[in-house]
Every structure is written in structure tokens, then in C-alpha cells.
Amino acid sequence: MRKDFVLSLQNTLYPPQIYSSEILTMDKIYDQTKIEQKWYKFWEEEGFFKADPDSSKPAYGLLIPPPNLTGSPHLGHAMQHAILDAVARFKRIQGFDVLLLPGVDHAGIQFEGTLNKLLEKEGTSRQKLGREEWLKRAWQFKEEIYKTFHDTWTVFGLSADWSREVFTLEPKVQRAVLEEFKSFWEQNLLYKGAYIVQWCPKDQTAIEDVEMEYEERKDKLYYLQYGPLIIATTRPETKFGDTAMAVNPNDKRYEQFVGKEFEIKTLNGPRKMKVIADKAIDPKFGTGAEKVTPGHDILDYEISKRHNLEIIHVIDKSGRLTKVAGKYAGMKFQEARAAMIPELKEKGILIKEEDYVHSVPVCERCKTTVEPIISEEWFVKMKPLTQKALKRMNEINFVPKNYKKILSDWMKEIHDWTISRSLWWGHRIPVWYCQKCNPNHLVGKDKDMIISLEKPGKNCQTCGQKHWVQDEQVLDTWFSSGLWPMATLGWPQQSKEFEKYYPWQFELSAPEIKYLWIARMIMLGLHFTNKIPFENMFFHGMIRDLQGRKFSKSLGNGIDPNKLRNQWGTDSTRMALYTYSAPGRDGRASRQTMDERCKNFRNFGTKLRNIARFIIELKPSEASPELDSGFIQKKPWIPDQVGDDKLHPDDKKILDQLNKTIQEVTKNLEGFNLHLAIEKLYEFIWHQFADKYIESAKNRRTEAQPILEYVFKTSLELLHPFMPFITEELWQKLPHRGKSIMATSWPSTK
RNA sequence: GGACGGUUAGCUCAGCGGUAGAGCGCUUCGUUUACAUCGAAGAUGUCGUAGGUUCAAAUCCUACACCGUCCACCA
């Protein structure tokens, strides 16, 4: 038996009367899971979670950020769910037709990485299986994870409409993605071309800036003789791809060389190379002169575009040198570098080297050094989308407000979006090329290329035959996630769901995906529907460890929200999380600090149970309950309807305090300041109602009964969005009308 | 380099113009009939530093320091 359980047991044995209590029986206090399961099942069976597009109630839609299929829940997720659920329950009781829509993200790269590791353990691999077999295995793996997915994710009392759950690869979403792709193409917003991208040689795919992290490395900085100039580089092996030398236009030292051509020594013999001036060159770095290698450096690539320089590929997609490297061809770039240093020295090209510490971009998942490489990728032109979005950012209520500026600033400096990924798990690019007429898979003319989900049935317009092959790449996960507000409601097909619930009323997000996801949903929503996708956009803070670091698997500093839930109960854990929910504010937590907060609210729950015991079980037999006493009809809490003189001063005071609480809680919920709402409620219930009013009411117990019941029941109703289980449990024990606290109406002071 | 946020009791955090707050922890007391998973009482803070605005500043403004996040760059 658990130690804390034994301790609790001892405490509970005193006083002995407790045995007669119906509420405080052992199994009911200590087996919270049972109580929670009972009520969750009851709510689901009664259909309280279901949205009803046919109802005449106004819509209130909340879109749950879809968790990653292969992710495991952490405190941030638990907080998101707790916040969403509180708002959903509040709005439902207020009389809205609430849609709290759940979904799951296929999580392209993350899923593929997890599966490939698994395959490695099984002694096979992506390459060995081939695309078709691999995908079969992937769907099988997806189903395996999905089985336990609900147990992992749905336990926080989330009142979501599970019947409408969406998976980001299901046909509904595929149709939306096709529509998105097709209309971008038709509107000339989509292009394919060879551009420099960040390439992970291990994952064999282009990745986005946000998928990289930086590692400090000790390297050498090499000084090389280039004609009359000396340039500094960390990457001598890319020398074969140089097409110019560059200096800053304001650099007086090199003024005389700009525009002139010089012969320089290379390992493949002499070459002619021009000196150009470009403002991107930092005169303070190295010697102030740089070699321009447009094929393998993003900055150089941009310079080359400005000066119309040739682009030479030196490193291929597996990180090996190409044939331009002569005898070094086929070597990995690190090997090649080591091998060529002696020769560079010998030929007098390498003048000196010095130690150099810099940060190197690596792939976030596999930690392989990322290589800038020229690759054929698909891009979306973003400027036209941002222009529209920027004009209408005012229509979104950002919480906190400064996120409007943060997102707007980002949109102002947006660059085109690389949407293709060389993966297999995801929405495959719905483009078919005629292998015969268009073997290089070029785009631009529609005749030997067709946009379609399925293999086209018609003939190629050029050759009149059907040699269709599909584009090998898949779309960036965010290409589909960006459509989430629409795709989940069946767009582009018209439906009563889409009519009623789009745009959404409430969306929330972690700040870290504000550009990847939130900004794109806004831009795509406006582009395709001319409506902002959500009225209220809530950014919560990040919960970190006590040192301020992010929770991560590698640090092992994560806190499993389900362990908290098992120890303290769902209601208490939710309340602890709300104390961290101040919009946009980060928080620090450890298992210990979480336990402290949970304990606080577990005690609060015990307080509620004991209040219930006093009011319900120890009710004097002659007292009349609130429902029978005519209390509701008299509405004594409205001074105009019943004179103050008819109320006992204590009663008047508690009713006034209750009214203030109703106003505060409602106001703070409307403004999504959940932490303030619970603070107010806690103070009222514990220190105003329990400590003061109940104590004094002991002297006039019979007379006070209707007010005790009324105040407590109203308190439970106010508390229900935050602590759904215990409030239902106790509300059911009070005299009440209606099936559930979920189906009552929100307390009002009018 | 650019933008933003934080700095309040031992710890974790609220408050964001009107007499310093909560939870946990700490001290003392308490077996009164809702509650010891409790109650009563208490200790603990020049609200990062320096200026300014104001009758009044933790709260607004400016500068600085430290911590953190995001964006850009790292040849």
C-alpha cells in the first residue's frame, strides 16, 4: 500500500463519525479515477460534448492544436487542453453551441524519423523496403500508435466532440490540400525551381530554417591566396565552386580591384575570376575579402543572383564532392578537406590557418551538419498573401496584444515558402509528369503535367499517351496544417458545419509555432475564404524547468502530466496548470513545484467536499431546501426585488460577495484571464463563504439553508469550467434541476 | 546585429497608478458537533539599479545591468 495512502487513511479515521458520511467514504475520496471515469462516460453518453450545426444556438468554435502523432504529452499540452476545455465549458453553459474539435497531426519528419529508427532496429531500412512497402509499414505503425493515442491524450476531461476528430492525412484533408495546391498554381503563386536550400544529408531532404539548430564547433579558419587578395574561409573544399571574389563596396583597401579580373591558382590549374563589390560582405570578417561559392552558401547564392554569377555544384545531396573536384570527387566533404590541405599548402595557396570557434547549423533531429545545396524544390510566393493579411490583422483579438505586432513584423519581411520535402510520409505533391515528354519533370506548361490526387486517366497532350509519374516529394507538414481551420470543416466542400463554425472563435498556441502555424493559418484563411480564421488568438507562455530550459527528451527534465493526474486527480492538476496560464507569460516548474500547486488544489477539493457534507448531509430536518423555499422566485440577491431589510446582514453580505465573484469570474473568462478567475473563486469559496459565512451560519442553521445551498450551487457552477469532475459530483448531490451541471445556465447577477 | 519578455517573501508566481499579495515552506497554538488533505495567530520584501513624470509609481517614461525567447548572421 502506498505510504501517502496509509497516512491519509490514518487521518481519515478521525473523527469516527466520518464513517457515516456518504460523501467522505474511502473509495470516493481516494479513487478519483473512478469518479472521473464515471462522469466522463456520463457526459459522453448524454452527448454534451457534441456540437450540433442544426441547433439554433449561436456557434462557438474552438480548434485544438493537433498534437503530433509520435509526440508524448508534456505540461504544455496539458495546459493547452485545460485552457481550451475551460473556455469550451464556459461557453457551453453560457448557451453557445460549442464545437471543440480534436485532431492529430501526421508530423512528417518526426514520424518518419521515429519509424526509420524502429526499422533500423528490425534490421531493415527505408531504402530496403522501397516507397510502397515503407508506406504500408508506416500506416501500420500509425494504427499501432493511434490505439493508445486516446488514452494518452484525452484524459484531462477535455469536452471535445470526438466524433469529429480529424487526422491530417485523411481524405478530407487531402482534398483541401489539393485545392490549395491547385489554386496556388492557377493563381501563379506556386513555382518549382533550383534554389539553394538547407539540406540534411542524412535525412536526404530539404529542411526549413526552423528545423535547424546550432552547435558550437572548433574549426580552422583558412587564409587562401586568391590572385592579389587573401580571403578567409572555413570551407576550403568548396573552393571548386567559386565563381567570384567579393569585397564590401565601401572598403577602401580593395577599391582598386573591384570590377577587374585576375588569374588565380587552383588545385585544378589556373582560373580567371572577377572581384565584385557587394554590401553583404562584412569588411571586419577575416581579411574583408570573400570567395563567392553560390552553390553551397546561402549568402553567396544571393550575391550570385545580384551579380549574375555562374553556379557550380561541388557537393551532392549525400554530402560528397562532385566531379568538378577532380581527384577529390566522391569523398565526403570532411575527408576532402583534410586531404586537400597539404596540397593547398604545397602549392602556396594556403597561407595560414588559425583556430576558429563558430556555430554550425545541424539538423534538429539527427544532428547532422546541414549543407546548403541547390535543389529542385517547390515554393509558394508569400508576398501577395501577406499583403492581404497585414491589412486585416486588426480583426483578430490577440491575447496578449503584442503578438499582433510580432506576427505583422514577420510578415513584412517574409520570404518565399519552401513547401516540398523529400520524404515519404505526408501529402505527396499532387503533380503528374509525362515521363516521355517531360523526363526532367519541369513545370510551367500544363500540357505534359497534370495536377491531380490520382493517376490521370487522360492522355498527355503532347504525345497522346499515358506515361504519368507522380512528383517524388511530399508537402511540408505545415502546408496542410495551415489549412487546419478550413480542412477540419470539410472545405473546399460547402457544408453546414463550415457555414456555422467558420471562422472559429478561439484558437490557442505555444509561442514557438507562431510563424510556422499561426501566421500561415491567418494568411491561408484570408486567401481562400476572405475571412480571418479565428476571432481570438491566445498565446500561452512556455513552461520550462527551474533553470529556464525547455523540457526535452534529451535533457530528461520533462514532467509527465499524467503522473500528476494520477497522484492528485485531474481537477487539481488542471487548477495547478491554470496558475501558469497568464497569457504570454513563461513559467518555471519542477515536479516539486507542480506537486505543491496540485496539493493546494487537492486541499481545495477536500474543502469543497466538506462544505457539501455540511450543507447536504448535516442539513437540519426542519430546514427547507433552496428549491422548495421559494428562494429562487424571490431573488433576494437583487436588492430591487426584495428589500435589504428582509435579509439578515450576513446573508446580504455573502450574496453581495457572490455577485461580485460572478462578475469577476465572468469578466476574466471573457478576457481569457483564467488565472485571475480561479484566484477570485478560490478566495470567495474558501475565505469568504467557508471561513466566514458558514461559520456564522451555524447559529441560524435552519434559516440559512436556502442561502447555503444557493451560494454553494452557484459557486460550483462558476467553478465547473476549471474543475469539471468534482463540481459535477457535488452539484448532483445538491437539490437541482436538470441532468448535469454542464446543462445548467451560467450564473448571472440580473 | 534586430525585436520582444522577465527581474516582487526562502521557492514557484500573481498584481501592472492609490496603504506590498497567493500557494508551498517556516514559527506558535488548537482533539469545540463540515473539514487536522483543517482552523487561529505570526515571521519574512528599499517590488533588479539609477534617473524622470505624478498629489501618489512594483505599476507609466528613459538609461543601465543580469536572465530568457524569437528572428537574422556566423564566408
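Residues numbered from 1 in each chain as written. Chains lettered and ligands numbered in written order. Predicted model: local features only at pLDDT ≥ 70, side-chain atom pairs only at ≥ 80, totals over all residues. Heavy atoms only, no water.

Overview of the sheet that holds strand β18 (residues 431-434)
Across the sheet, three strands lie side by side as β19-β18-β20; this open sheet has antiparallel pairing. Two strands in the sheet have a free side with no partner beyond their single neighbour: β19 (449-451) and β20 (468-470). Across the sheet, the mean angle separating the axes of adjacent strands is 30° when strand polarity is ignored. Strand direction decides the pairing type here: β18 and β20, joined by three bridges, are antiparallel. Residue pairing in the sheet places Cys434 in a bridge with Trp468 of β20. Helix α7 (residues 171-186) contacts β18 and β19 of the sheet and is inclined by roughly 130° relative to β19. (Pairing = 2+ DSSP bridges. Helix = DSSP H or I, 4+ residues; strand = E, 2+ residues; numbered from the N terminus. Axes fitted to C-alpha atoms, helices over the stretch in contact; angles between N-to-C directions. Contact = heavy atoms within 4.5 Å.)

Quick word on the pattern of salt bridges
Any two side chains of opposite charge can pair, so long as their charged atoms come close to each other. Using the criterion set out here, one finds 41 salt bridges in the structure. The closest approach of N and O atoms between Asp586 and Arg544, which form a salt bridge, is 3.1 Å. With a gap of 42 residues between them, Asp586 in the loop between α17 (570-578) and β25 (587-588) and Arg544 in strand β24 (residues 543-544) connect regions that are remote in the sequence. Note on Asp586: relative accessible area 45%, which makes it partly exposed. In this structure, the salt-bridge partner of Lys652 is Asp656, at a minimum N-O distance of 2.8 Å. A residue pair is termed a helical-turn pair when its members lie 3 or 4 positions apart in one helix, as Lys652 and Asp656 do in helix α20 (residues 649-670) at four residues. Given a relative accessible area of 26%, Lys652 falls into the partly exposed group. According to the relative accessible area criterion, Asp656 is partly exposed, its value standing at 30%. (Salt bridge = Lys/Arg side-chain N within 4 Å of Asp/Glu carboxyl O. Buried < 20%, exposed > 50% of the residue type's maximum accessible area, 1.4 Å probe, protein only.)

Considering the pairing of strand β2 (residues 97-101)
Among the five residues that make up β2, five are buried, leaving the element largely enclosed by the rest of the structure. Looking at chain direction, strand β1 (residues 59-63) and β2 are connected through five bridges and run parallel. Bridge pairing in β2 places Leu63 opposite Leu101.

With respect to the layout of surface pockets
Volume-wise, the second largest pocket comes out at about 1,100 Å³. Taken together, 36 residues form the lining of the second largest pocket, with Thr233, Thr234, Arg235, Asp297 and His358 sitting closest to its centre. Listing elements by their share of the lining of the second largest pocket, those giving two or more residues are β7 (212-226), β8 (229-233), β12 (289-292), α8 (298-307), α9 (333-346) and β13 (350-363). (1 Å grid on protein atoms, 1.4 Å probe; cavity = no way out; pocket = protein on both sides within 12 Å on 5 of 7 lines; lining within 4 Å. Points joined across faces, edges and corners; volume = space filled by probe spheres on them.)

Observations concerning the side chain of Thr293
Here Thr293 is to be found in the loop between β12 and α8. Taking relative accessible area as the criterion, Thr293 reaches 3% and is therefore assigned buried. Of the polar contacts made by the side chain of Thr293, one reaches the side chain of Lys291; its length is 3.0 Å. Apart from the residues within four sequence positions on either side, Thr293 is in contact with Thr238, Gly241, Asp242 and Asp300. (Polar contact = N/O pair within 3.5 Å; in protein donor to acceptor, adjacent residues only side chain to side chain.)

Brief notes about the packing of α7 against helix α15 (residues 514-529)
Closest axis-to-axis distance for the α7/α15 pair is 12 Å, and the angle between their directions is 70°. By the angle class used here, α7 and α15 are roughly perpendicular. Only Leu524, His527 and Phe528 of α15 make contact with α7, whose side of the interface consists of Glu180, Ser183 and Phe184. Partitioned by chemical class, the residues of the contact of α7 with α15 number three nonpolar, two polar and one charged. (Parallel < 35°, antiparallel > 145°, perpendicular 65-115°, else oblique. Nonpolar A, V, L, I, M, F, W, Y, C, P; charged D, E, K, R; others polar.)

Overview of a positive patch on the surface
Together, Lys117, Lys121, Lys202 and Lys553 give the surface a local cluster of positive charge. With respect to the secondary-structure elements, Lys121 resides in helix α5 (residues 108-121). What makes Lys121 exposed here is its relative accessible area of 75%. (Patch = residues over 30% accessible without salt bridge, like charges linked within 9 Å, V, L, I, M, F, W, Y side chains within 5 Å. Areas by Shrake-Rupley, 256 points an atom, 1.4 Å probe, with all protein chains shown as cover. Lys, Arg positive; Asp, Glu negative; His and termini not counted. Charge placed at Lys NZ, Arg CZ, Asp CG, Glu CD.)

Side note on the confidence of the model for chain A
In this model, chain A carries an average pLDDT of 84, and 91% of its residues clear a pLDDT of 70 or more. The low-confidence segment residues 1-30, where pLDDT is below 50, has 32 contacts with residues more than four positions distant or belonging to other chains. (pLDDT = per-residue confidence, 0-100.)

Regarding the sheet that holds strand β22 (residues 504-509)
One open sheet accounts for five strands, arranged β2-β1-β22-β23-β15; its pairing is parallel. If you trace the sheet from one side to the other, it starts and ends with β2 and β15 (397-399), each paired once. Each neighbouring strand pair of the sheet contributes to a mean axis angle of 15°, computed without reference to strand direction. This element, α15, spans β15, β22 and β23 (534-539) of the sheet and lies at about 170° to β23.

Focus: the nonpolar core
Residues Phe506, Phe604, Phe689, Phe712 and Phe722 are the most contacted members of the largest nonpolar core, which totals 81 residues. Counting residues per element, this core draws most heavily on helix α21 (residues 674-697), which supplies 13 residues. Beyond its immediate chain neighbours, meaning those up to four positions away, Phe604 contacts Met575, Tyr682, Ile685, Trp686, Leu719 and Met723. If you look at the next biggest cluster of nonpolar residues, it comprises 61 residues, including Leu63, Trp478, Tyr501 and Ile532. (Core = buried A, V, L, I, M, F, W, Y, C linked by side-chain atoms within 4.5 Å.)

Focus on the packing of helix α16 (residues 561-568) against helix α18 (residues 591-617)
Relative orientation of the contacting elements α16 and α18 amounts to 35°, with a least axis distance of 10 Å. With respect to the hand of their crossing, α16 and α18 are arranged in right-handed fashion. For the pair formed by α16 and α18, the contact residues are Lys563, Leu564, Gln567 and Trp568 on the first element and Arg591, Met594, Asp595, Cys598, Lys599 and Arg602 on the second. Of the residues in the contact of α16 with α18, the class split is four nonpolar, one polar and five charged. (Left-handed = near helix turned anticlockwise from the far one by under 90°.)

Some words on α17
Of all nine residues making up α17, nine are buried, and the element is well covered by its neighbours. Those residues of α17 lying buried are Thr570, Asp571, Ser572, Thr573, Arg574, Met575, Ala576, Leu577 and Tyr578.

What to know about unusual backbone geometry
With an omega of 10°, the peptide bond between Trp491 and Pro492 qualifies as cis. Along the polypeptide, Pro492 turns up in the loop between α13 (484-487) and α14 (496-501). A cis geometry characterises the amide bond from Tyr502 onward to Pro503, with omega recorded as -5°. The residue Pro503 is located in the loop between α14 and β22 in this model. For Asn530, which is not glycine, the phi torsion reads 60° and is therefore positive. Following the sequence through the fold, Asn530 ends up in the loop between α15 and β23. By relative accessible area, Asn530 is classed as partly exposed at 42%. In the Ramachandran plot, Phe672 falls in the positive-phi region, its phi being about 60° despite a non-glycine side chain. Secondary-structure assignment places Phe672 in the loop between α20 and α21.

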